[in-house]
Amino acid sequence: MDNTVKNYTVSIFTENQIGLLAQISNVFTRRNLSIWSLSAGASSIEGIHNITIITEATERRIREAVLQIEKRVDVVKAFYYTDEQIVYRELALYKVPTDKLLDGGNLEDLLARNNARIVEMNRTFTVIQKTGHTHETQRLYEELQEVGVLQFVRSGRIALSRSAQEPVQGFLQERQAEKERRRAAREQQEK
Amino acid sequence: MDQKDQKINGSQALWRSLEAEGVHTVFGYPGGQIMPVYDALSTYSGDIRHILVRHEQGAIHAAQGYARVTGEPGVVIVTSGPGATNVVTGIVDAMSDSTPLVVITGQVALAALGTDAFQEADVTGLTGPITKWNYQIRRAEDVAWAVSRAFYVARSGRPGPVVLDFTKDAQTGLTDFQYKKCTFIRSYIPDPEPSEAALDEAVRLLDAAERPLCVFGQGVLISHAEAQLQAFLRKGDIPAGSTMLGLSALPSDFPLYQGMIGMHGNVAPNVKTGECDVLVAVGMRFDDRVTGKVSGYAPQAKVIHIDIDRAELGKIIPAQVRICGDAGQVLAVLTERMAGGSHTAWVESFRACAETEREKVIDPQIHPAGGAIRMGEAVDCVAAVTEGKAIVVTDVGQNQMMGARYSRFARPRSFISSGGLGTMGFGLPAAIGAKLAASERPVCLFVGDGGIQMTLQELGTIMQEGIGVKIVLLNNNWLGNVRQWQELFFGCRYSQTRMLNPDYGKIADAYGIRYRSVEDRAGLEPAVREMFSDDAPCLLDVRVMEEDNVMPMVPPGRSVGEMMLTEKEWYRK
């Protein structure tokens, strides 16, 4: 068994049940696995929600946690990925003083190099937005320290698997077929 | 069916839903936020019997006893706040031991939720991690849906506890009532199809095995797979050991049955775990009380693990073959496909271990030459008098281990005990539930003087309902199991384990329960015979040897084959 500790992205698809998020995060905390980032929202499938959690663990531990998560009745399916298996991004916002930013004189260069953009600007402050991996948003943060960062916020990671389809789609189709098979069998019996 | 039912309130809908699920008995305790449900009970005309307990913990353990005997969900109804928090221990216990329960807790009105209202507790939040599923019912229209889903989840797959948090609005709101049993949830697969490749690989290993050993657990009972297990063992000529919760899945006199495995299990199946070449684990989860030191557990064996809970496969013990499926179904397929075997010398080799255990441990425990009555002796006497036909319920501790080791079973679902959680106080209420589930059978509780006082108030339930529980109090004036560990591992420093006991005769008398105490060996059997001569509740206070130890024992941190036979002697081949 591979005992190296790696970053894992756990992607969980759920029915919209209140309280599920707490139960899922509990699976991690109970096993002393830190949640580095968490984001939750809609998936591309109607009625199905996605929760994406980043944690650090051995594969054995992460497999255990994912199996426990899948045991929750309202969890449709859970997957875990290493960084290579997914496309992922975070969003970062930086608030900096406008005067100092302009005094620096290299604003265009800064935005171009970092692939960042300005989302709001007034006489007092400017908000810059950047998407990317943690080390990239961190790099811009450090660069902006020169002019002074008033506020900084970074979102949890969102991720897509490298498979062509939403990975849970096939599962839902199978379950729908199973439901119809059962209904047909029941109707047959009733006749 | 055009006829529309008249609207009823959510509380009435609850009783009709329970009826639709085939519920006969519920255990409960009323209180402020569940009063509409109790009000609806007062005019309810169906067949459901409500047992009024003396404490909510009593209700849930009774429901657990009931569920374990019947295999159907035990039902508990309690009020909000403290009523709900008092059942938390039982919920965790049921989660650990795969016991199906539907627990209904009252909850404050929607408008009061989150306001720290009187007797408000965040029940769905509290019970989320310790239930198989929970749900807050907020509208009367959702009662039937929630109850049907609760029963489906509780009883299917690996069973477990479900909590329905029933808000006041939903209890009093009006609704049409139509009940439809839940049979499918798309995100939940309780009946996994075992993989063909895994089945084939298991058959290949079993056919090639020279020293196969089967260890089975409660999964066999839950799956009603007793006959399939026997057929499997016979065809493969495979000796078998049971976990504590698997006890009674095989009759005690089944030829290939080698006894209990684990910390206080029998020597033969424990020692042979370290010698087998193929280990088949059926419906069990390799609890640490079963495995001892994990790295020393059957490292030489190829392991086939069969369980309906995929998360258990490979969780503790790595398995070469993982079969996720229903025990009965999987065993039937394996039995059909395997060639069958004969392992006479291997099976015979268990006998030497068993004989050593009989001579060094069992005989001195159940046929002592003199001195005070020993715990095992009392259990053995009950087994003899009841001819192994009683349902044995235990509390937790030495009484439990002695009850497990020295009881004999002729029928399945005859041993009820708190396994994974080890809840002291479980025994007395669980015995009440067991007796209500099987009124035609004798139910015998083995309990210590520590555990009986944790839920002693349930004697009131026995009195009020006239429940014929036979209580054998193994009274040694100690918290015996902790005392044993203090003696063996903490240099005989007996910290807070000596107990001054009340006069149990007066207590029994106060509750109108027949009481006998016995101190002499000669008085034991007549007292036990008298106790089982009728079906009335009875408390038999057996003054047992005070500083007795449960042996053999795999001390903590040791491998399962390393067993102490006495305080000074280890098992040696």
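Since this is a predicted model, take the numbers as computed values, not measurements.

**A short note on the environment of B:Glu440**
Residue and element names in this part refer to chain B. Structurally, Glu440 is set in the loop between helix 19 (427-437) and strand 17 (443-448). Using a relative accessible area of 60% as the deciding quantity, one classes Glu440 as exposed. Expressed as a C-alpha distance, the spacing of Glu440 and Asp535, which sit 95 residues apart in the sequence, is 9.0 Å.

**Considerations on the domain arrangement of chain B**
Residue and element names in this part refer to chain B. You can read the domains of chain B as domain 1 (8-175), domain 2 (196-350) and domain 3 (367-543). Contacts between the two partners involve 7 residues from domain 1, matched on the other side by 7 residues from domain 2. Of all residues in domain 1, Arg68, Asp97 and Arg158 give up the largest surface area on contact with domain 2, accounting jointly for 61% of the area buried on that side. In this structure, Arg158 engages Glu312 in a salt bridge whose closest nitrogen and oxygen atoms are separated by 2.8 Å. The interface formed by domain 1 and domain 2 holds 4 residue pairs in polar contact (both at pLDDT 80 or more) in total. Split into classes, the residues belonging to the side of domain 1 that touches domain 2 amount to 1 nonpolar, 3 polar and 3 charged.

**A closer look at the pairing of strand 19 (residues 514-518) of chain B**
All names here are of chain B. Inspection of the sheet shows strand 19 paired to strand 20 (residues 538-543) by 5 bridges, in the parallel sense. Bridge pairing links Ser517 to Asp541 in strand 20. In terms of handedness, the path from strand 19 via helix 23 (residues 521-531) over to strand 20 forms a crossover that is right-handed.

**A look at unusual backbone geometry**
All names here are of chain B. Of the consecutive residues Met551 and Pro552, the connecting peptide bond is found in the cis state with omega at -5 degrees. With respect to the secondary-structure elements, Pro552 resides in the segment after strand 20. For Asp237, which is not a glycine, the phi torsion comes out positive at approximately 50 degrees. The topology assignment puts Asp237 in the loop between helix 11 (226-236) and strand 10 (240-242). The phi dihedral of Arg413 falls on the positive side, at around 55 degrees, and the residue is not glycine. Note that Arg413 resides in the loop between helix 18 (398-406) and strand 16 (415-416).

Conventions we followed
Residues numbered from 1 in each chain as written. Chains lettered and ligands numbered in written order. Predicted model: local features only at pLDDT ≥ 70, side-chain atom pairs only at ≥ 80, totals over all residues. Heavy atoms only, no water. Helix = DSSP H or I, 4+ residues; strand = E, 2+ residues; numbered from the N terminus. Buried < 20%, exposed > 50% of the residue type's maximum accessible area, 1.4 Å probe, protein only. Domains from an automatic or database assignment. Contact = heavy atoms within 4.5 Å. Buried area = accessible area lost by both parts, 1.4 Å probe. Salt bridge = Lys/Arg side-chain N within 4 Å of Asp/Glu carboxyl O. Polar contact = N/O pair within 3.5 Å; in protein donor to acceptor, adjacent residues only side chain to side chain. Nonpolar A, V, L, I, M, F, W, Y, C, P; charged D, E, K, R; others polar. Pairing = 2+ DSSP bridges. Right-handed = clockwise from strand over helix to strand, strands pointing away.

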